[in-house]
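# Observations on the three-dimensional arrangement
Spelled out from the first residue to the last, the chains are:
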Amino acid sequence: MLSRTCSSCSNDFSRVEFSKNQWQKGSYAKCKRCINGNPPPPPEPVLVQDSPVVVEKVQETGSAIGAGAAEEAAAKKAEEERIAAELAAQ
């Protein structure tokens, strides 16, 4: 099923929620409800789990912005350390 994000309300909708003209606008498309002046409520924010990396980032900077990248870096480092330990054990 094709879907697109409305450029006005930021909700994801299937093709039927856009007019043909709006669907053709790609990433600039607005859903029928926004065009008619009755936008749906905004999507629920995606919450980041209280992982130690995120908590540490917030404590250091007062913000969780960039915590996802820090969490990915920590996971990558842990994986590299695990692989190094396996190779050393051989």
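Residue positions are counted from 1 within each chain, in the order its sequence is given. Whole-chain, interface and lining totals are the exception, using all residues; otherwise, since this is a predicted model, local features are given only for residues with pLDDT of at least 70 and side-chain atom pairs are given and counted only at 80 or more. The basis for every side-chain value is the complete set of heavy atoms in the structure, and neither hydrogens nor water enter the calculation.

## Quick look at the overall build of the chain
Runs of H or I in DSSP of at least four residues are treated as helices and runs of E of at least two as strands, each being numbered from the N terminus. Per the secondary structure count, the chain includes 4 helices and 2 strands. Each helix (α) and strand (β) of the chain, taken in turn from the N terminus, gives the series β-β-α-α-α-α. Partly exposed residues are those whose accessible area sits between 20% and 50% of the maximum for their type, while under 20% is buried and over 50% is exposed, using a 1.4 Å probe and protein chains only. By the burial criterion, 18% of the 90 residues in the chain qualify as buried. Contacts were defined at the residue level, with two residues in contact if any of their heavy atoms lie within 4.5 Å. For the chain, the proportion of contacts with a sequence separation of at least 24, taken over those separated by at least 6, is 21%. Surface accessibility of the chain: about 7100 Å² in total, with carbon and sulfur atoms responsible for 54%. Computed by Shrake-Rupley with a 1.4 Å probe, the accessible areas treat only the displayed protein chains as cover when residues are assessed.

## Focus on the environment of C31
Structurally, the position occupied by C31 is in the loop between α1 (20–23) and α2 (32–35). The class of C31 is buried, set by a relative accessible area of 1%. Note: C-alpha distance between C31 and S8 (23 residues apart in sequence) is 7.8 Å. Once residues lying within four places of it in the same chain are set aside, the contact partners of C31 are C6, C9, F13, E17, F18 and P40.

## Comments concerning the pattern of salt bridges
Every case where a carboxyl oxygen of Asp or Glu lies within 4 Å of a side-chain nitrogen of Lys or Arg is listed as a salt bridge. Counting across every chain of the model gives 1 salt bridge. Across the pair R82 and E79 runs a salt bridge whose closest N-O atoms are separated by 2.5 Å. Taken together, the residues span about one helical turn, with R82 and E79 both in helix α4 (residues 67–89) at a distance of 3 residues. Owing to a relative accessible area of 35%, E79 belongs among the partly exposed residues under this scheme.

## Section: the side chain of Q22
As for its placement among the helices and strands, Q22 is situated in helix α1. Those residues in contact with Q22, other than ones at most four positions away along the chain, are Y28, A29, K30 and I35.

## Some points on the packing of aromatic side chains
Two rings belonging to Phe, Tyr or Trp (six-membered ring only in the last case) form a pair when the distance between their centres is within 6.5 Å. Interplanar angles under 30 degrees mark stacking, angles over 60 mark edge-to-face geometry, and anything in between is tilted. Using the criterion set out here, one finds 2 aromatic pairs in the structure. Seen from their ring centres, F13 and F18 are 6.3 Å apart, and the 70° between their planes marks the pair as edge-to-face. Like F18, F13 is buried. Site record: aromatic cluster; members linked through ring pairs are F13, F18 and W23. One residue, R4, lies across the ring of W23, its end atom 3.8 Å from the ring centre. Two thresholds decide whether a charge sits over a ring: the Lys NZ or Arg CZ must be within 6 Å of the ring centre and within 35 degrees of the ring normal.

## Some points on the confidence of the model for the chain
In this model, the chain carries an average pLDDT of 80, and 70% of its residues clear a pLDDT of 70 or more. Ranking the elements of the chain by mean pLDDT puts helix α3 (residues 52–61) last, at 67, and α1 first, at 96. The pLDDT score gives, residue by residue, the confidence of the prediction method on a 0 to 100 scale.

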